[in-house]
Amino acid sequence: FDSNCLGVILRINSPGGDVYAADLIWRAVEKIKKIKPVVALLSDVAASGGYYIALGAQKIVAPVDTITGSIGIFSVKPDFSQFFTNNSIYVSSVKRGSRADWHSTHKKMGEEEREVKLKLLQHYYNKFLHIFKKARNLSESNAKKLAEGRVYTGKMALLAGLIDANGGLHYSIDEIKKCLKLDEKTNVRVNIILQKKGLINSMKQLLQTRSEFIDIFHGFHDFHGLKLKTDWHKAVWAYMPIVYEVQ
């Protein structure tokens, strides 16, 4: 760890994703916290795995309009078996072990596979719940009431006890100063470490700019189950919760 760095502000802008990746980052944050103060600054969205990561910090700060929470876990298995049948596509597989082809998309999920997946999901959900309960100093019953995939704004999250304060970068810097017992007027140098984007992420960012986004979705109020609304200022809003119906 850089000895010149007295504290870390971890800006999180993630809707979550892989539970293993979230756990690795959370463990890294826990290690840093033992050496220097860490404040998690939630951005537009810091939900599910994004919030999981934030639980490793001493303090969690978020703007009032952040989308956070979503303490839950799910798994998806695509099933194209009917599509293959309708289009006379036949798949043969060679396997060693009865469970080797469980993730295959050409077969439906069996009851044994479903039961095993549910056990795994319950295990990871219980772990997430335990980390949440411990980090936020909650009872088992209160933690469960706040979990179960519920989504909160930054304002709601503060009232529910998921975060410590509503604020942004300057507030987070002040929190680091408090942890270091520095006077609030003390000048500090902030070194911003930007994400290495690469070609794919740069292309994604280009496509997700507001002008491009509006050009793609303008006039579509129901795009594959995602409810979108455009106002007079051409801003895009996502209605939550979102219900997907796949037929």
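It should be noted that the structure appears before, not after, this text.
A few points on the structure. These figures come from a predicted structure and were not determined experimentally.

What counts as what
Residues numbered from 1 in each chain as written. Predicted model: local features only at pLDDT ≥ 70, side-chain atom pairs only at ≥ 80, totals over all residues. Heavy atoms only, no water. Helix = DSSP H or I, 4+ residues; strand = E, 2+ residues; numbered from the N terminus. Buried < 20%, exposed > 50% of the residue type's maximum accessible area, 1.4 Å probe, protein only. Contact = heavy atoms within 4.5 Å. Patch = residues over 30% accessible without salt bridge, like charges linked within 9 Å, V, L, I, M, F, W, Y side chains within 5 Å. Areas by Shrake-Rupley, 256 points an atom, 1.4 Å probe, with all protein chains shown as cover. Salt bridge = Lys/Arg side-chain N within 4 Å of Asp/Glu carboxyl O. Expected span 1.5 Å × (residues − 1). Arc of directions from axis to C-beta. Phe/Tyr/Trp six-rings, centres within 6.5 Å; stacked < 30°, edge-to-face > 60°. 1 Å grid on protein atoms, 1.4 Å probe; cavity = no way out; pocket = protein on both sides within 12 Å on 5 of 7 lines; lining within 4 Å. Points joined across faces, edges and corners; volume = space filled by probe spheres on them. Nonpolar A, V, L, I, M, F, W, Y, C, P; charged D, E, K, R; others polar. Polar contact = N/O pair within 3.5 Å; in protein donor to acceptor, adjacent residues only side chain to side chain. Core = buried A, V, L, I, M, F, W, Y, C linked by side-chain atoms within 4.5 Å.

## So, the overall build of the chain
- For the chain, the helix and strand inventory stands at nine helices and nine strands.
- Across the 247 residues that make up the chain, the buried fraction comes to 28%.
- Considering only contacts within the chain whose residues lie at least 6 apart along the sequence, 59% involve residues at least 24 apart.

## Describing the environment of Asp65
- For Asp65, the location among the structural elements is in the loop between strand S3 (59–62) and strand S4 (67–69).
- With 22 residues separating them in the primary sequence, Asp65 and Ser43 have C-alpha atoms 9.1 Å apart.
- If sequence neighbours within four positions are ignored, Asp65 has contacts with Asp44 and Gly154.

## Quick word on a nonpolar patch on the surface
- There is a patch of nonpolar side chains on the surface, built from Leu182, Val188, Val190, Ile192 and Leu194 and spanning about 470 Å² of accessible area.
- Structurally, the position occupied by Val188 is in the loop between helix H7 (169–179) and helix H8 (198–207).

## Some thoughts on helix H1 (residues 19–33)
- Its 15 residues give H1 an end-to-end C-alpha distance of 21 Å, which sits within 8% of 21 Å, the value for a rise of 1.5 Å per residue.
- Every buried residue belonging to H1 is among Ala22, Asp23, Trp26 and Val29, and all of these are buried. Projected down its long axis, H1 shows its buried positions confined to an angular sector of 120°, all on one face. Those residues of H1 that are exposed and aimed more than 90 degrees away from the buried face are Tyr20 and Lys31.
- Of the surrounding secondary structure, the elements contacted by the buried residues of H1 are strand S1 (8–14), strand S2 (38–47), helix H2 (49–54) and helix H4 (111–135).

## Regarding the packing of aromatic side chains
- For the structure on display, the rule yields three aromatic pairs.
- A ring pair is formed by Trp26 and Tyr52, whose centres lie 6.1 Å apart and whose planes are at 90°; its orientation type is edge-to-face. Here Trp26, found in helix H1, pairs with Tyr52, found in helix H2; they are 26 residues apart in sequence, far enough to count as distant.
- Looking at Tyr52, the relative accessible area reads 3%, which means it is buried.
- Centroid distance Tyr52 to Phe128: 4.8 Å. Interplanar angle 45°. Geometry classified as tilted. Here the residue Tyr52 occupies a position in helix H2, and Phe128 occupies one in helix H4, the gap between them amounting to 76 residues.
- Members of the aromatic cluster, connected to one another through ring pairs, are Trp26, Tyr52 and Phe128.

## Some remarks on the layout of surface pockets
- Roughly 320 Å³ of volume is contained in the second largest pocket.
- What lines the second largest pocket is simply Ser75, Val76, Lys77, Asp79, Met109, Arg114, Lys117, Leu118 and Leu121.
- Classifying every residue of the lining of the second largest pocket by side-chain character gives four nonpolar, one polar and four charged.

## A look at the side chain of Asp23
- Considering the arrangement of structural elements, one finds Asp23 in helix H1.
- With residues near it in sequence (within four places) discarded, Asp23 still touches Tyr52 and Lys127.

## Digging into the environment of Ser43
- Here Ser43 lies in strand S2.
- With residues near it in sequence (within four places) discarded, Ser43 still touches Arg11, Ile12, Asn13 and Thr66.
- Among the polar contacts listed, one links the side chain of Ser43 to the side chain of Arg11, at a separation of 2.8 Å.

## Considering the side chain of Glu113
- Its place among the elements puts Glu113 in helix H4.
- Judged by its relative accessible area of 2%, Glu113 falls in the buried class.
- Other than its neighbours up to four places away in sequence, Glu113 contacts Lys77, Trp102, His103 and Lys108.

## Things to note about the nonpolar core
- If you look at the biggest cluster of nonpolar residues, it comprises 29 residues, and the most contacted ones within it are Leu42, Leu55, Ile60, Phe132 and Leu162.
- For this core, the secondary structure elements donating two or more residues are H1, S2, H2, S3, H4 and helix H5 (140–146).
- When residues in this core are grouped by element, the largest group, five residues, is from H4.

## With respect to the pattern of salt bridges
- All chains considered together, the criterion is met by seven salt bridges.
- The salt bridge involving Arg150 is made with Glu148; its shortest N-O contact spans 3.2 Å.
- You can call Arg150 partly exposed: its relative accessible area is 36%.
- In this structure, the salt-bridge partner of Lys178 is Glu175, at a minimum N-O distance of 3.4 Å. Within this pair, Lys178 and its partner Glu175 are both found in helix H7, separated by three residues, close to a single helical turn.
- On the basis of relative accessibility, which here comes to 56%, the residue Lys178 falls in the exposed class.
- For Glu175, a relative accessible area of 8% corresponds to the buried category.
- Look at the salt bridges and you will find they share partners, linking Asp23, Arg27 and Lys127 into a network.

Coordinates in, geometry out; function isn't part of it.
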